[in-house]
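Here are the chains, one letter per residue:
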Amino acid sequence: MTAYIPKHIPAEGYIPPSRQREKPKSDYKWIGKNMKRVEDPRLLTGQGGYIDDVKLPNMAHAAVLRSDRAHARIKRIDVSKAAALPGVLLVMTGEDAKKVTGPTAQFASPPVVQYCIAVDRVRHVGEAVAAVVAETRYIAEDACELIAVEYEDLPVVIDPEAAINSTGDAVLHPERGPTNLAYRKTFSFGPVADDFAKADLVVERKLRWPRSGGQPLETVGAVADYQSGTGKFNVYANSSFVNYVGWLVGASLGVPAHKFNLIPVTTGGSFGSKLFPHKVLTLTATLARACGRPVKYLEDRIDSTTSCDNHGSDRLYRCKLALKKDGTILGLKFQVIDDYGAYLQFGYGTHGNSLCQIVGPYRINSVEMELVAVMTNKCQQGAYRGFGSEVTNWMIERMVDAGADALKMDPFEIRRKNLIQPDQFPYVIPSGNVYDSGNYPAVMDEAVKIANLEKWKGIQAKGRAAGRCIGIGVASCQERSVFSATEFWSLNPTDNPGFQLTSSPESTQIRIDPTGCIQVTLGSPFWGNSPETMATQIVAEQFQTDPANVNIVYADTNSGFNSTGPGGSRFTVMIAGAIVGASMKLKEKMLRIAGKMLEAKPTDLEFREGKIGVKGVPGMEKTIGEVAIFAHYFRLSLPDGDEYSSGLEASYVYDHPLTTMPANDRSHLGIFYPIMGHMCHLALVEVEPKTGKIKILDYVAVHDAGTVVNPMTLAGHIRGGTAQGIGSALYEHFYYDEAGQLLTATLVDYLIPTLREMPEQIRVGHVETPSPFTEYGIKGGGEGGRMGAPGALSRAVEDALSPYGVKIDELPLTPRRVRALVRAKER
Amino acid sequence: MSKSVTVNVRVNGKAYTRTVEPRMLLSDFLREELELKGTHVGCEHGVCGTCTVLLDGQSARSCLLFAAQIDGAEVRTVEGLAQNGAMSPLQQAFWEKHGLQCGFCTPGMLMVATELLERNPNPSLEEIREAVSSNLCRCTGYYNIVEAVQAAVALSKEARK
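Conventions adopted
Residues numbered from 1 in each chain as written. Chains lettered and ligands numbered in written order. Predicted model: local features only at pLDDT ≥ 70, side-chain atom pairs only at ≥ 80, totals over all residues. Helix = DSSP H or I, 4+ residues; strand = E, 2+ residues; numbered from the N terminus. Buried ≥ 20, exposed ≤ 12 C-beta atoms within 10 Å, placed from the backbone. Contact = placed C-beta atoms within 7 Å. Rg over C-alpha atoms; globule rule 2.2 N^0.38 Å. Pairing = 2+ DSSP bridges. Expected span 1.5 Å × (residues − 1). Axes fitted to C-alpha atoms, helices over the stretch in contact; angles between N-to-C directions. Parallel < 35°, antiparallel > 145°, perpendicular 65-115°, else oblique. Nonpolar A, V, L, I, M, F, W, Y, C, P; charged D, E, K, R; others polar. Domains from an automatic or database assignment. Core = buried A, V, L, I, M, F, W, Y, C linked by C-beta atoms within 7 Å. Left-handed = near helix turned anticlockwise from the far one by under 90°.

Colleague: Explanation requested: the overall build of chain B in the structure shown.
Modeller: The helix and strand tally for chain B stands at five helices and five strands. Beginning at the N terminus, the succession of helices and strands in chain B can be written as β-β-α-β-β-β-α-α-α-α. Counting the 161 residues in chain B, one finds 55% classified as buried. The long-range fraction of contacts in chain B, counting pairs at least 24 apart against all pairs at least 6 apart in sequence, stands at 59%.

The following block contains the structure:
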């Protein structure tokens, strides 16, 4: 295979060799099958075990008083009435908390100091001002109302462009600099000036992506127990960073990692929002230690909308795309202003992420990004399905459509002309990331086929003739999967890049009990995906045994190894790697033992139908159970040597399959998100210009996530992700007014799509281009739908309204916005 | 206002008597007083339907009711759907059709669908869509939930044969 590597990147040894051990094949027994989920029976019968279901003996309950001001100094807090209320155990202000607990963990450089309860100053509506622990949540909330806070209002900064030049009291974090500009730097990859000089045409657009968020139906919570005798915390939490960086919360609390045990629970949806809920974890543990009893704190909905860790990207783009007359795209240049809100959690990682697929699926030779990160009086950003790349996908697709319109080209034609071709992989893009494999034209062909595009065009023509506004939209987008931690810090100042993680591994432990049942311990929790089903299918494949013989359990921090957890569409790839590693170790030992039992050479044996048998000799075999009981209890019948020691257990830590470091001068960022999925989304919509209503008449989503482990659950992710993409494109918006009040703080106002906002169905297709770098060739697919739908819908609405000449530059496309666009053209 | 009130209810066929604060929500009553953790609370404003239970056969948002309001009522929750350890046809169909991911909205979805199927064992697609549209799901995009209810209709017909 010959890699495509752009000239500004040193080609020699740039792509490390593949470490793939399980080569993709076509005849799996368990992988690729629509297996019903292992997780479901308990979830269907009300036995989910979510965070609010955890009840410890003597447990107390916390509530939080939150700021109703967007920006103010805290002059005085009087807690006396609250503390005197019967049933109240503890009232804690920021000053109190700061005495025992340090700043919360975060990954920005330079850091932004944030406490689990605000100290001296509040910086957004909803920020914690005081917390109460009481015998019941009802009493705790009563007590919050009895706390008197005296504020001195400060200037409120809401407009991200104005934030760049804020001065004086309007500056949120004066210790970080004289304005609310958090960070500004230009990154240039490849010959940008040359490419723009060569262009026949440069199209320019200003684009606005509004903040939305995962808003799972279950909010973030924790139950913390502190034992003063051991100085140890046990904390139940719906976080997925249990065995990754959860220990950083221990650091905030002033205890070493081994004294902070995180216990995973079933999570009621995350979509990125529960990666690392540092505020809830740190606060709950702080309260438990202070009051000497186990404490439960669960965000209520308004706690969550106003002060969660997961508002998504909030960006303003000014973009230029350089093209030749024939539609060839040469280069992309943009400035992006991102409104990070009042604090930073993952630094500028959402832009590190975006740069891994910044040319989309297209052969774009050079890219320049000026990143302008600002801080305003809004809730901080965290992760939301796509982690910033869903926004660049939308931006790229908008620019490609703008190019097509300027050249009067068909949107499909301009895309096909610029798609990276199947023989060009592995393909290194200007930012340095690798696209491992793909067949983009095949994905578009499949989408066009499923949609029956000619039929759609007929519906559109007929509708237009009758005066209806019907439009067709296409988006061809990337879905990078399997993040490397370099994305979190590669954009940080190079003289002080901060917390430079380079490894984000995943681990597992597999044990086979004396009856032959295979128990798999996952280091990462369930958060709404299908980790047990995936692991079961892969283990069944490895041992050629029935999935009913596989049992999945979850490790807490006490027992788990390095495991990053779900996020960045990494889990299926990474847990497959860990399972393959552990299974190979275990199988080697089992073959050795079975060889003694069957008086055969291990190399002549195979795993088949729950047994280990001599190849080509039916009946010459032992069941896994027979081998297991022998391995556990009949040690003395086996030769000396550790390779025959009692029991069957193996652990394995699987490191990232393909990642390299960024260049010191950041002329490229190395390989950091290479397992590249792809999608083509097609939307057929009707817009009512008189009301602004948008109806999705038909929708097709074809994805390539490499080898598919379970087509049914992958389709579930695609449909659910698309639903969220529809929400982001048409309905959802965390809308702050000029005073910094969040006007969409409940699900009454923050519009999650219901069934009525969805198309009757999303027709899903799969194309499989296995990765040459991962076990079995699996790629991630967890975020996909949300990363394609906004582009396809924006174009479809633009196309529908083409009689009005409307351009779609801002989301969400609410009826009000659509009406305003139409009205402006009617004048 | 009295500081406490006695509530007599039958939940999933079993009688309970509890003395609680008049302001205790039905959702908290079920979860905290009766230890029935299957009913979940999502939005607390009656929007999402996650907390839906059946009250004398009719679906109701348990986050918008006080326990005191249901004295004497018959309540059914997700815990009452499986009989003798066997999931109901509706639960089986949700499993079969991948009608859930994180499972948090699922108890509410099961209760609105149970209400529909008890009133109308043979609903049209539009009737199913109407019932499901009352609740939010953030994971699935709803399509598989509708399919699951359709499959449950078929399973129930099969069982009645």
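Colleague: Explanation requested: the overall build of chain A in the structure shown.
Modeller: Scanning chain A for helices and strands turns up 20 helices and 28 strands. A compact globule built from 827 residues should have a C-alpha radius of gyration of about 28 Å, and chain A, at 27 Å, falls within 12% of that. Taken along the three principal axes of its C-alpha coordinates, chain A extends 90 × 75 × 50 Å. Within chain A, the fraction of its 827 residues that count as buried is 61%. Within chain A, contacts between residues separated by at least 24 positions form 80% of all contacts whose residues are at least 6 apart in sequence.

Colleague: What is the right way to look at the pairing of strand E22 (residues 605-608) of chain A in this model?
Modeller: Residues in a regular strand point their side chains to alternate faces of the sheet. Residue and element names in this part refer to chain A. Of the two faces of E22, only the one carrying Leu605 and Phe607 is buried; Glu606 and Arg608 on the other face are not. As defined by bridge partners, E22 adjoins strand E23 (residues 611-614) across four bridges and the pair is classed as antiparallel. Paired with leucine 605 across the bridge in E23 is valine 614. Taking the residues that link successive antiparallel strands as the turn, the E22-E23 hairpin has two residues, and the phi of glutamate 609 there is positive, at about 45°.

Colleague: Could you clarify how one ought to interpret helix H14 (residues 453-465) of chain A in this entry?
Modeller: One full turn of an α-helix is made of 3.6 residues, so residues set three or four places apart face in the same direction. In this model H14 of chain A runs 18 Å from its N-terminal to its C-terminal C-alpha over 13 residues, within 8% of the 18 Å that 1.5 Å per residue would give. Two residues or fewer past H14 of chain A, glycine 467 of chain A is found with a positive phi of approximately 85°.

Colleague: How should helix H11 (residues 389-407) of chain A be read in this particular structure?
Modeller: Residue and element names in this part refer to chain A. Between its first and last C-alpha, H11 extends 27 Å over 19 residues, near the 27 Å set by a 1.5 Å rise per residue. Burial within H11 is extensive, with 16 of its 19 residues counted as buried. Positive backbone phi, at 55°, marks lysine 408, one or two positions downstream of H11.

Colleague: Can you help me understand the sheet that holds strand E13 (residues 315-323) of chain A in this one?
Modeller: One key point about sheets: their strands pair by backbone hydrogen bonds, in either a parallel or an antiparallel sense. Residues and elements named next belong to chain A. One open sheet accounts for five strands, arranged E7-E15-E14-E13-E8; its pairing is mixed. At either end of the open sheet lies a strand with only one pairing partner, and these are strand E7 (181-189) and strand E8 (201-209). In this sheet, adjacent strand axes meet at a mean angle of 10° when their direction is disregarded. Where E13 meets strand E14 (residues 329-339), nine bridges bridge the pair, whose relative direction is antiparallel. Counted as the bridge partner of arginine 315 is aspartate 338 from E14. Each of E8, E13 and E14 touches H11; the most contacted strand, E8, lies at about 140° to it.

Colleague: What is the right way to look at the packing of helix H16 (residues 571-598) of chain A against helix H17 (residues 624-633) of chain A in this model?
Modeller: When two helices pack together, their arrangement is given by the angle between the helix axes and the distance between those axes. Residues and elements named next belong to chain A. Taken N-terminus to C-terminus, the directions of H16 and H17 make an angle of 95°; their axes are 10 Å apart at the nearest point. When the axes of H16 and H17 are compared, the pair comes out roughly perpendicular. Together, Met590, Ile593, Ala594 and Met597 of H16 and Val627, Phe630 and Ala631 of H17 make up the contact between the two elements. Among the residues forming the contact of H16 with H17, the class breakdown is seven nonpolar, no polar and no charged.

Colleague: Can you help me understand the sheet that holds strand E25 (residues 649-654) of chain A in this one?
Modeller: Residues and elements named next belong to chain A. The strand order across the open sheet built from four strands is E21-E20-E19-E25, with neighbouring strands paired in mixed fashion. One side of each edge strand has no neighbouring strand; the edge strands of this open sheet are strand E21 (550-554) and E25. Shown here is a sheet whose adjacent strand axes are inclined to one another by a mean of 20°, direction ignored. Taken together, the five bridges between strand E20 (residues 518-522) and E21 define a ladder with parallel strand orientation. The partner of isoleucine 518 across the bridge, within E21, is valine 550. Against the sheet, H16 makes contact with strand E19 (506-512), E20 and E25, and its axis sits at roughly 40° relative to E19, the strand it touches most.

Colleague: For this particular structure, what's the right way to read the domain arrangement of chain A?
Modeller: Residue and element names in this part refer to chain A. When its domains are assigned, chain A resolves into domain 1 (51-154 + 220-298), domain 2 (315-488 + 661-826) and domain 3 (505-654). Using C-alpha coordinates to define each centre, domain 1 is positioned 36 Å away from domain 2. The partner domain 2 presents 22 residues to the 16 residues of domain 1 that form the contact. Across the side of domain 1 that touches domain 2, the residue classes tally to seven nonpolar, eight polar and one charged.

Colleague: Would you mind showing me how to read the nonpolar core here?
Modeller: Soluble, globular proteins show a tendency: their nonpolar side chains are buried together. Residue and element names in this part refer to chain A. Core analysis: the biggest nonpolar cluster contains 317 residues, and Ile117, Val132 and Leu287 have the highest contact counts within it. With 15 residues, the top contributor of residues to this core is H16. Discounting chain neighbours no more than four positions away, the residues touching isoleucine 117 are Met92, Thr93, Gly94, Ala97, Ala128, Val129, Ala130, Ala131 and Leu283.

Colleague: What's the story with the interface of chain A and chain B in this structure? I'm lost.
Modeller: By a frequent convention, interface size equals the accessible area lost on bringing the separate parts together. Contact residues are listed per partner, giving 39 residues for chain A and 39 residues for chain B. Of all elements in the fold, only helix H1 (40-44) and helix H18 (711-731) of chain A reach the threshold of two or more residues within the side of chain A that touches chain B. Tallied by class, the residues present in the side of chain A that touches chain B amount to 15 nonpolar, 15 polar and nine charged.

Colleague: Explain unusual backbone geometry here, please?
Modeller: Outside of glycine, negative phi angles account for most residues, and trans bonds account for most peptide bonds. Residues and elements named next belong to chain A. Cis rather than trans, the peptide bond between serine 109 and proline 110 has omega equal to -5°. Here proline 110 lies in the loop between helix H3 (94-100) and strand E4 (121-122). With a phi angle near 60°, phenylalanine 271 is a residue other than glycine that sits in the positive phi range. Secondary-structure assignment places phenylalanine 271 in the loop between strand E11 (260-264) and helix H8 (278-291). Look at phenylalanine 271 and you get buried, because 27 C-beta atoms sit within 10 Å. Backbone geometry at valine 482 places phi at a positive 70°, although glycine is not the residue there. Assignment of secondary structure puts valine 482 in the loop between strand E18 (469-481) and E19. Using a count of 32 C-beta atoms within 10 Å as the deciding quantity, one classes valine 482 as buried.

Colleague: Is there a simple way to explain the pairing of E23 of chain A in this structure?
Modeller: Residues and elements named next belong to chain A. In this sheet, strand E24 (residues 621-623) lies alongside E23 in antiparallel orientation, the contact comprising three bridges. Along E24, the bridge assignment pairs isoleucine 612 with lysine 622. Counting the residues between successive antiparallel strands, the hairpin from E23 to E24 contains six residues, one of them, glycine 616, with a positive phi of roughly 75°.

Colleague: Can you help me understand the environment of glutamate 487 of chain A in this one?
Modeller: All names here are of chain A. Inspection of the secondary structure assignment puts glutamate 487 in the loop between E18 and E19. The class for glutamate 487 is buried, based on 33 C-beta atoms found within 10 Å. Here the alpha-carbon distance between glutamate 487 and alanine 461, two residues 26 residues apart in the chain, equals 46 Å. Aside from chain neighbours lying at most four places away, what touches glutamate 487 is Gly349, Gly352, Asn353, Cys356, Phe672 and Tyr673.

Colleague: Just to check I follow, could you spell out the packing of H11 of chain A against helix H12 (residues 411-418) of chain A for this structure?
Modeller: All names here are of chain A. Relative to each other, H11 and H12 sit at 115°, their axes nearing to 9 Å. By the criterion of interaxial angle, the relationship of H11 to H12 is roughly perpendicular. Between H11 and H12 lies a crossing of right-handed hand. Here Val400, Asp401, Gly403 and Ala404 of H11 come into contact with H12, specifically with Pro411, Ile414 and Arg415. The class makeup of the residues in the contact of H11 with H12 is four nonpolar, one polar and two charged.

Colleague: Any chance you could explain the domain arrangement of chain B here in plain terms?
Modeller: Residue and element names in this part refer to chain B. Along its sequence, chain B is organised into domain 1 (5-80) and domain 2 (89-160). On a C-alpha basis, the centres of domain 1 and domain 2 stand 22 Å from each other. Contacts between the two partners involve 16 residues from domain 1, matched on the other side by 13 residues from domain 2. The greatest single-element share of the side of domain 1 that touches domain 2, amounting to three residues, is contributed by strand E3 (residues 52-55).

Colleague: Even after reading the chapter, I still don't get the environment of tyrosine 644 of chain A, so can you show me in this structure?
Modeller: Residue and element names in this part refer to chain A. When you line up the elements, tyrosine 644 lands in the loop between H17 and E25. The sequence separation of tyrosine 644 and lysine 589 amounts to 55 residues, and the corresponding C-alpha distance is 7.3 Å. Those residues in contact with tyrosine 644, other than ones at most four positions away along the chain, are Ile593, Arg635, Leu638 and Pro639.

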